[in-house]
Amino acid sequence: MQSFNDELVAQIYADHVAQDLHTIQDFLRWGYTVFNQSDIYFGQGSDNAWDEMLHLVLSTLSLPLDTPEHIFNARLTKSEKNQLIQLVVERISQRVPVAYLTNKAWFCGLEFYVDERVIVPRSPICALIEDKFAGLLSQEPKRILDLCTGSGCIAIACANAFPDAEVDAVDISVDALNVAEINIEHYQLGDRVFPLQSNLFQNLLTDGYDLIVTNPPYVDEEDLADMPEEFHNEPDIALGSGVDGLTITKEILAKASDYLNDDGLLVCEVGNSMLELMAIFPDVPFNWVELRNGGLGVFALTKAQLLEHKHTFEQALVNL
């Protein structure tokens, strides 16, 4: 029995789309309709069909996202039309995120290369970086650690926000670090952003960072199994973190103080697992940061606070 999306794909080919659509605007309108008719999930860089189709069409045509609208009247070549149709089909038939189809994603206003070796950048931490962690840092950081760097988007955005800072971009995945290196080289930051392979802090010196920023895996076992198919195109290692989604976060909490300067700060995203985290550590004064771009589940803790509750964090590790 054909699935709903299979039937839609069959209809696309039956309609001879390439013969009927001619301009960028034609394809944007058609793709918007097709995406809305499908059962694809939006949530990996955009939350609606129009933004996804805009990203798909303009990126495929090597046009910027702020392309003037009068350019939308430009006619497409036969090969361009066929390429766009194939990508739309792949998006709805295989549920591949648009960022993987175009190998482009945006974070803090910066463009990044991405593929299936890393998750699609979407962390609400971007708002904190753009505001230079206002209200959280007493002075600009000189040394920054980005744990679980993935594509390197947080590390590079931090380097962009703090031009005098050096940033260690750490990930357990060599594949992810290879992607991060592409982005580091693109922004010519090889002298300030350093990709390092490590299982969290394992291969790092206990050297003083002014700021540790991390968007670790935090999806619990049940939610991981129930996630839309699009997310299963992303590496599981970058999403799941044990039964409660907090296995990795607990280790970060237990060890981060050893790697921070006296005035250092940990900023960590745990998303929907924030309620479970508060239930596990009811006495820890997590500073849940209000994010101007929306989103929940980002907390900040100073080194002093991490030290105060270090025994509690270490005990949670023992109980894993």
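Thresholds, definitions, all that
- Residues numbered from 1 in each chain as written.
- Predicted model: local features only at pLDDT ≥ 70, side-chain atom pairs only at ≥ 80, totals over all residues.
- Heavy atoms only, no water.
- Helix = DSSP H or I, 4+ residues; strand = E, 2+ residues; numbered from the N terminus.
- Rg over C-alpha atoms; globule rule 2.2 N^0.38 Å.
- Buried < 20%, exposed > 50% of the residue type's maximum accessible area, 1.4 Å probe, protein only.
- Contact = heavy atoms within 4.5 Å.
- Areas by Shrake-Rupley, 256 points an atom, 1.4 Å probe, with all protein chains shown as cover.
- Lys, Arg positive; Asp, Glu negative; His and termini not counted.
- Charge placed at Lys NZ, Arg CZ, Asp CG, Glu CD.
- Domains from an automatic or database assignment.
- Buried area = accessible area lost by both parts, 1.4 Å probe.
- Salt bridge = Lys/Arg side-chain N within 4 Å of Asp/Glu carboxyl O.
- Expected span 1.5 Å × (residues − 1).
- Arc of directions from axis to C-beta.
- Polar contact = N/O pair within 3.5 Å; in protein donor to acceptor, adjacent residues only side chain to side chain.
- Pairing = 2+ DSSP bridges.
- UniProt positions renumbered as here; feature names shortened; annotations may be inferred.

A. Just the overall build of the chain, in detail. When its secondary structure is counted, the chain shows 14 helices and nine strands. For 320 residues, the compact-globule estimate of 2.2 N^0.38 gives 20 Å, and the chain sits close to it at 21 Å. Taken along its principal axes, the extent of the C-alpha atoms in the chain is 65 × 45 × 35 Å. When the 320 residues of the chain are sorted by exposure, 52% land in the buried category. Looking at the chain alone, contacts between residues at least 24 apart form 70% of all its contacts between residues at least 6 apart. Here the chain has roughly 15000 Å² of accessible surface; of this, 48% comes from carbon and sulfur atoms. Treating the 18 positive side-chain charges of the chain as one cloud and the 50 negative ones as another, the clouds have centres 5 Å apart.

B. Structural detail: the domain arrangement of the chain. Each domain of the chain was delimited in the assignment, giving domain 1 (6-102) and domain 2 (107-319). The C-alpha centroid of domain 2 is placed 33 Å from the C-alpha centroid of domain 1. Tallying the contact residues gives 12 residues for domain 1 and 15 residues for domain 2. Both faces combined, the contact of domain 1 with domain 2 buries some 1100 Å², and carbon together with sulfur accounts for 59% of it.

C. Layout of the pattern of salt bridges. Applying the stated criterion to the full structure yields 15 salt bridges. Because the salt bridges share partners, they merge into one network encompassing Asp39, Glu52, Arg91, Arg95 and Glu230.

D. Quick look at helix α9 (residues 174-186). A rise of 1.5 Å per residue sets the reference length of α9, with its 13 residues, at 18 Å; its end C-alpha atoms lie 18 Å apart and thus fit the reference within 8%. Within α9 the residues assigned to the buried category are Ala176, Leu177, Val179, Ala180, Asn183 and Ile184. Projected down its long axis, α9 shows its buried positions confined to an angular sector of 155°, all on one face. Residues of α9 that are exposed and point more than 90 degrees away from the buried face comprise Glu185 and His186. Check the buried side of α9 and you find it contacts β2 (110-112), α8 (153-161), β4 (166-171) and β5 (193-197). Near the N-terminus of α9, the side chain that reaches the backbone nitrogen of Asp175, with its oxygen 3.3 Å away, is that of Ser173. Two residues or fewer past α9, Gln188 is found with a positive phi of approximately 55°.

E. Representation of helix α4 (residues 49-60) within the structure. The end-to-end C-alpha separation of α4 is 16 Å, in line with the 16 Å expected for 12 residues at 1.5 Å each. Counting buried positions over the 12 residues of α4 gives 10, a clear majority of the element. Taken as a whole, α4 has its buried residues at Ala49, Glu52, Met53, Leu54, His55, Leu56, Val57, Leu58, Ser59 and Thr60. In this structure, the buried residues of α4 make contact with α3 (24-37), α5 (78-94), α6 (98-102) and β1 (105-107). The N-cap of α4, judged by a side-chain oxygen 3.2 Å from the amide nitrogen of Trp50 a few residues on, is Asn48. Of the residues flanking the end of α4, it is Ser62, one or two places downstream, whose phi is positive at about 60°.

F. Highlighting the sheet that holds strand β8 (residues 287-288). Spatial strand order, β5-β4-β3-β6-β7-β9-β8: seven strands in an open sheet with mixed pairing. At either margin of the open sheet sits one strand with a lone partner, and together these are β5 and β8. In terms of strand pairing, strand β7 (residues 260-269) meets strand β9 (residues 298-302) through five bridges, oriented antiparallel. Bridge pairing in β9 places Leu266 opposite Leu301.

G. Looking closely at the UniProt feature "domain: Methyltransferase small" (unreviewed entry) in the chain. This chain's UniProt record puts "domain: Methyltransferase small" (unreviewed entry) on residues 140-223. As annotated, residues 140-223 comprises 30% helix and 26% strand, and the C-alpha atoms at either end are separated by 37 Å.

H. Just the pairing of strand β6 (residues 209-214), in detail. In terms of burial, β6 is largely enclosed, as six of its six residues are buried. Bridge count for strand β3 (residues 143-147) against β6 is four bridges, and the pairing is parallel. By the bridge assignment for β6, Ile144 is matched with Leu211. Bridge count for β6 against β7 is five bridges, and the pairing is parallel. What sits directly across from Thr214, in β7, is Cys268.

I. Looking closely at the side chain of Thr102. Relative to the assigned elements, Thr102 resides in helix α6. When its relative accessible area of 13% is taken as the criterion, Thr102 is described as buried. Separated by 2.9 Å, the side chains of Thr102 and His55 make a polar contact. When sequence neighbours within four positions are dropped, the list of residues in contact with Thr102 reads His55, Leu56, Ser59 and Thr60.

J. Focus on the side chain of Ser198. Along the polypeptide, Ser198 turns up in the loop between β5 and β6. For Ser198, the side chain forms a polar contact with the main-chain nitrogen of Gln202, separated by 3.3 Å. Within polar-contact distance, the side chain of Ser198 engages the backbone nitrogen of Asn203 at 2.8 Å. Once you skip the residues sitting within four places of it in the chain, Ser198 turns out to touch Val170, Asp171, Ile172, Asn203 and Leu204.

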